[in-house]
Amino acid sequence: MNKVRGTKEYASVFEQTGIPRMKEAIPLALQHVAAMIVGCVTPAIIISETAGLSPQEQIVLVQAALLMAGISTLLQIFPIGKWLGSGLPVIMGVGFAYLPSITALVESYDLATVFGAQLVGGLLAILVGLNVKRLVKFFPPLITGTVVFTIGLSLYPTAVRYMAGGAGSEGYGSWQNWLVALITLTVVTALNHFGKGIWKLASILIGIIVGYGVSLIFGMQDFSPIGQAGLVQLPSPMHFGLKFNFSAIAALGILFIINSVQAIGDFTATTSGGMDRLPENQELRGGIVTYGVTNLLSAFFGGLPTSTFSQNVGIVVTTKVINRVVFGIASVVILLAGLLPKFSALLTTIPQCVLGGATISVFASITMTGVKLIVSEELNYRNTSIVGLSVALGMGVTLVEGALGGFPAWVITIFGKSPVVLATISAILLNVILPGKKKEK
């Protein structure tokens, strides 16, 4: 119901449309920003380190991550016509699911190749959105759970390397790095289990702030990029360029298809948990098509692949706040942050050990999300074979160096760099081939 104050009517924050009181909307919007901002920029920081970018280019990559997250969220919240935007209260940001594959591609090629593959991946996502009802049957919870589980497992080495200070860095593996990482991890874990309200929802951000403070004692920061950064800077189109490589497109394209289908889960969780209904077909189609379109746009502006942010879905389910103005304010704050190079430069000064301590819990959460999806189906011999074999092939082939050494380079890039691709293909094929009793819908 609308609340009246004087002659002006205010909508409730629990209503999807209408303008609520700003004193209610702004804190709720900032809560969403606090929950997503670290997760959004961390993949960009990790990839920039892997690619060996200069401090100035690191800032550009972080800026693009924030800017495109803000634009993507705005397009989702306020649909354009029947085909663009879901109209649902979701927050978009750079997804960790792409990190293993992008890291492998950057090591083998460069960022331009990643963005070329991302552009094609965006087109594939649009096709999935337009045909979502036909394709969803190939991705039951057993398959998406196997993929998510593999993604989580493959990210653990990245987190541990960061906790140790970052491979190749001075003092790698030192007790100082591990102390800071473990303090950060302890704060995040404690707040997740014992905190309430904003303390729990912003646990990662608070953990990083505490870890950052401890790291200052050891002098782990280099603040020179902040002084060199400008006050305001517009995005730089094609800063990293675009290159098209078949093997890179195949490796990343599969992830875009998987993530498109997985977005259905986030949209469903948002509507069922926050709005007491299932998403409509038009909302799913518009949401996934927008996901593809915004990733096309991101490829041109140097923004890494975006996806729906599950932690923000959790906030919607917990608070039941679904007003579009709240999410509009959050997206504008994220967008403005992407236009401020000094803010982006400040984020790049976060020591790697702090990021490792904060993100290992995120990666653990991703892994257990996969487990939950897997166990939502009957764990009979057929299903456990699908999961076990797929994970074994995906993780095994990529962990054993030179396992595909006798194959052409394109085969190694697609199947030998990231476990996600091989695990996904194996799970889909085994699910189709292996006999089993089909359940009723």
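Above this text you will find the structure in question.
Residue positions are given per chain, counted from 1 along the sequence in the order it is written. At least 70 in pLDDT is required for a residue's local features to be given in this predicted model, at least 80 for side-chain atom pairs to be given and counted, and no such filter applies to totals for whole chains, interfaces and linings, which use all residues. As a rule here, side-chain values cover all heavy atoms of the structure and leave hydrogens and water aside.

As a further point, take the nonpolar core. Counting 100 residues, the largest nonpolar core has Leu61 and Leu66 as its most contacted members. In DSSP terms, a helix is any run of H or I states spanning at least four residues, a strand is any run of E spanning at least two, and both are numbered starting from the N terminus. Looking at which element gives the most residues to this core, the answer is helix H1 (residues 22-51), with 13 residues. Definition used in this section: a nonpolar core is a set of buried Ala, Val, Leu, Ile, Met, Phe, Trp, Tyr and Cys residues joined via side-chain atoms within 4.5 Å. The buried label applies to any residue whose accessible area, calculated with a 1.4 Å probe on protein chains only, is under 20% of its type's maximum; exposed applies above 50%, and partly exposed to all values in between. Listed in part, the 6 residues of the second largest apolar core include Leu84, Ile126, Val289 and Leu296.

A few words on a nonpolar patch on the surface. Taken together, the side chains of Ile19, Met22, Ile26 and Leu30 define a hydrophobic patch exposed on the protein surface, amounting to about 350 Å² of accessible area. Along the chain, Leu30 falls in helix H1. For Leu30, a relative accessible area of 42% corresponds to the partly exposed category. Every patch collects residues that have over 30% relative accessible area and no salt bridge, joining them within 9 Å if they carry like charges and within 5 Å if they are nonpolar side chains (Val, Leu, Ile, Met, Phe, Trp, Tyr). For the accessible areas, the method is Shrake-Rupley and the probe is 1.4 Å, while residue cover comes only from the protein chains on display. Just to be clear on terms, a salt bridge is a Lys or Arg side-chain nitrogen sitting within 4 Å of an Asp or Glu carboxyl oxygen.

Residue position: Trp199 is located in helix H8 (residues 198-201). Exposure remark for Trp199: the relative accessible area of 53% places this residue in the exposed category. Distance in space between the C-alpha atoms of Trp199 and Gln31 is 10.0 Å, their sequence separation being 168 residues. Whether two residues are in contact is decided by their heavy atoms, any of which lying within 4.5 Å being enough. With near-sequence residues (within four places) excluded, Trp199 lies in contact with Leu191 and Ile206.

Time to look at unusual backbone geometry. In the Ramachandran plot, Met238 falls in the positive-phi region, its phi being about 60° despite a non-glycine side chain. Within the secondary structure, Met238 sits in the loop between helix H10 (224-228) and helix H11 (246-274). Phi angles above zero are rare outside glycine, and Asp276 is one such case at about 55°. Along the chain, Asp276 falls in the loop between H11 and helix H12 (281-301).

With that out of the way, let us pick up the side chain of Thr367. Tracing the backbone through its elements, the reader meets Thr367 in helix H16 (residues 352-375). Taking relative accessible area as the criterion, Thr367 reaches 3% and is therefore assigned buried. A distance of 2.9 Å separates a polar side-chain atom of Thr367 from the backbone oxygen of Phe363. Sequence-distant contacts of Thr367, defined by excluding residues within four places in its chain, comprise Phe149, Gly152, Leu153 and Tyr156. Two N or O atoms form a polar contact when they lie within 3.5 Å of each other; inside protein one atom must be a possible hydrogen donor and the other a possible acceptor, and for residues adjacent in sequence the pair counts only when both atoms belong to side chains.

Centre distance within 6.5 Å is the pairing criterion for rings of Phe, Tyr and Trp, where only the six-membered ring of Trp is used; planes under 30 degrees apart are then read as stacked, over 60 as edge-to-face, and the remainder as tilted. For the structure on display, the rule yields 4 aromatic pairs. Clustering of aromatic rings is evident, with ring pairs tying together Tyr98, Phe256 and Tyr291. As a reminder, the over-ring test applies to NZ of lysine and CZ of arginine, requiring each to be within 6 Å of the ring centre and within 35 degrees of the ring normal. Sitting over the face of the ring of Trp83, Arg285 holds its NZ or CZ atom 4.1 Å from the ring centroid.

As a further point, take helix H4 (residues 111-130). The first and last C-alpha atoms of H4 sit 29 Å apart over 20 residues, in line with the 28 Å expected at 1.5 Å per residue. For H4, a buried count of 15 out of 20 residues is recorded, marking the element as mostly surrounded by other parts of the structure. To estimate how far a helix should extend, the number of its residues minus one is multiplied by 1.5 Å.

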